[in-house]
Amino acid sequence: MITAKFFEKIQKYKLDYLALFVLVGAYFTKIQWNNYIGDPDGFYHTKIAQFLSQGIVIKSLPWMKFSTLANNFTDHHFLYHILLAPFTYFSNPLIGIKVATVLFATIMVMIFYWLLKKFNIKYSWVFALLFITLEATIFRLGLVKANALSLLLIWFLIYALYNKKYWLSIILGFIFVWLYGGWPISLIILATYLVAEYIYKKIHSNKLKIFWSKIIHVFHKKPNNNFKISLSLIVGLILGLVINPYWPNNIYFYYQQIVQIGIVNLGQQITVGGEWYGINFMTIISSGAHIFVLASIVFVVLVLNHKIISRQSWFGFILSFIFLLLTIKSRRYIEYFWPFLLFFTAFGLTDIIKKFNWSSIKKFWKSLARLQQLYLGIVGTVFIIFVLVPVWQSIIEAKIPRNHSIDKFEEASTWLATNTQPQSIILHSDWDEWPILFYQNDQNYYIIGLDPTFMYNFDEDLHQKFVSITTGSTSYNLAKQIRHYFQADYIFVEKNGHEALMNNLEKDPDIHLVHNDELSQIYRIK
């Protein structure tokens, strides 16, 4: 009785939300409590947000001089950058962006909890807290990216689909396009929902019901709610594309981003970002073995009792499977796979508990032979030692990569800003250096960034020339070639990993070193 009253008070005063907010927020704060940005893109997002905070909407990107974005740029994270803009007023904008990253991730987990409660999921608070045990997803959420807000929209979209909230679906579709270039994920969510609904109805219908439904349909035609909710989302997406500061140039950009980079992926022809390359099944599972084991048990029990599987459990299972395949193709989708598998596990376990109460489970346990109980006890102990202990370790040791300090390339960038003409072009040693150089010094223009596909589409031969020079494959007449092809008088080189390029530059009599620091060197063509 006391326990029941205690939980009633918690619910009444929303203390469950407060406790979750404090715990999850503290965890994400711990991960960000350093002077590092998880990956280079965080510098780019911060810079664009800074421009927006000054009232500047960027529609061309001359800082990527030799790319398709130089003259026609689409900010496919436009709303995300608007939300980041207030945080750039911190004395150090990068610290402000880290605060935003913590806040967005924490709110996303809160909305996940809210969604579970809306569907009356058992142990919803525990499942929400389990979010911080999703090692690979937590890694991705620790980066300065829109993935936390993308998941947040997905939770709202799932709610809208199952509750037939047509206007909410339109609004969510519109917001998704403005927020994040991965908005086609919403179409995968929709397609999965429709397939899950079909499977559920197929299992829970019989020939007599189908016969009468057809007879009734002839005399009383009801509106197709699934069609209406599907149309609502699609209308929202179309409106987001058209009522957009980047229309109609955003169409070609999304072709590059979604089709060429996301689906086709030119990773076999050019070196793209590591997140676009595949990952094997065992590596995926090892990053969340405890959830995978629990989900597998839930799956087996549900398969043996398929009539008890709810609509949402079918939806969660199919969605998890789809994103497992996508993750095997491109590792970046792991940020969705684990949350969706957690979703399935939560809903599936609730289905099981509704069918089998605790008294029946206790009765089943007592019916087992002593040897069987011993065997299950050993299995449980092995699970705790070999699965849960490493999970706890990963929670304690979670951190973002320490490769990019908030002052990375600052010294070299200051030198360039001081000693070169505004808008002069700087050849740099790799495409992934661009976001940091762009953030630290927007006075100069550079070659390519964000993804090499944008340069490949701009000029395939020029892209190959850039790769050949920066990897050290081309070693003759460097000064002449760099000036001729890239109109550059200065060359920025990150020391780590570009020894061949530095060696070639030092051998060229028309190129000399003008700046040297711990991380980089700058050369000038005579």
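These lines cover the structure that appears in this document, whether it is placed above or below. Note that residues are indexed from 1 along each chain, following the sequence as it is written. Predicted model: local features are reported for residues with pLDDT of at least 70 only, side-chain atom pairs are reported and counted for 80 or more only, and whole-chain, interface and lining totals are derived from all residues. Water and hydrogen atoms were dropped before computing side-chain values, which therefore reflect all heavy atoms in the structure.

Side note on the pairing of strand β1 (residues 425-428)
Regular strands place their side chains on alternate faces of the sheet.
Right, so step 1: For every residue, the accessible area (1.4 Å probe, protein chains only) is compared with the maximum for its type, and the residue is labelled buried under 20%, exposed over 50%, or partly exposed between those bounds. Secondary structure follows DSSP: runs of H or I at least 4 residues long count as helices, runs of E at least 2 residues long count as strands, and numbering of each begins at the N terminus. Taking every second residue as pointing to the same face, both faces of β1 are buried, with Ile425 and Leu427 on one and Ile426 and His428 on the other.
Right, so step 2: For two strands to count as paired, DSSP must find a minimum of two bridges between them. Pairing between β1 and strand β2 (residues 488-494): 4 bridges, direction parallel. Within β2, the position partnered with isoleucine 426 by the bridge is tyrosine 490.

Here's the deal with the packing of aromatic side chains
Right, so step 1: Classification of ring pairs uses Phe, Tyr and Trp, with its six-membered ring standing for Trp, and accepts pairs whose centres are within 6.5 Å; under 30 degrees between planes counts as stacked, over 60 as edge-to-face, and the remaining range as tilted. Across all of its chains, the model carries 44 aromatic pairs by this definition.
Right, so step 2: Ring plane angle 65° and centroid distance 6.1 Å describe the contact between tyrosine 27 and phenylalanine 28, whose orientation is recorded as edge-to-face. The two residues tyrosine 27 and phenylalanine 28 agree in class, both being buried.
Right, so step 3: Positioned over the ring face of phenylalanine 51 is lysine 47, at 5.7 Å from the centre of the ring.
Right, so step 4: Working rule: Lys NZ or Arg CZ, within 6 Å of ring centre, within 35 degrees of ring normal, means a charge sits over the ring. For the cation-ring pair, lysine 47 lies above tyrosine 439, with the distance from its terminal atom to the ring centre recorded as 5.8 Å.

Some thoughts on the pattern of salt bridges
Right, so step 1: Salt bridge criterion: a side-chain nitrogen from Lys or Arg within 4 Å of a carboxyl oxygen from Asp or Glu. All chains considered together, the criterion is met by 8 salt bridges.
Right, so step 2: Across the pair aspartate 442 and lysine 47 runs a salt bridge, and its minimum N-O distance is 3.1 Å. Of this pair, aspartate 442 sits in the loop between α21 (434-440) and α22 (453-458) while lysine 47 sits in helix α3 (residues 41-53); the two residues are 395 residues apart in sequence, bridging distant segments of the chain.
Right, so step 3: Using a relative accessible area of 31% as the deciding quantity, one classes aspartate 442 as partly exposed.
Right, so step 4: One salt bridge connects aspartate 489 with arginine 483, and the closest N-O pair in it is separated by 2.9 Å.
Right, so step 5: One continuous salt-bridge network, built from bridges that share partners, spans Asp39, Asp41 and Lys145.

As for a nonpolar patch on the surface
Right, so step 1: Among the surface-exposed residues, Leu187, Phe227, Leu231, Ile234, Val235, Ile238, Leu239, Val242, Ile243, Trp247 and Ile251 lie close enough to one another that they form a single nonpolar patch of about 930 Å² accessible area.
Right, so step 2: The element best represented in the nonpolar patch is helix α12 (residues 225-242), accounting for 7 residues.
Right, so step 3: Within the fold, isoleucine 251 resides in helix α13 (residues 249-264). Only residues whose relative accessible area exceeds 30% and that form no salt bridge are eligible for patches; like-charged ones are grouped when within 9 Å, while nonpolar side chains (Val, Leu, Ile, Met, Phe, Trp, Tyr) are grouped when within 5 Å. Per-residue accessibility takes into account occlusion by the displayed protein chains alone, with areas from the Shrake-Rupley method and a 1.4 Å probe.

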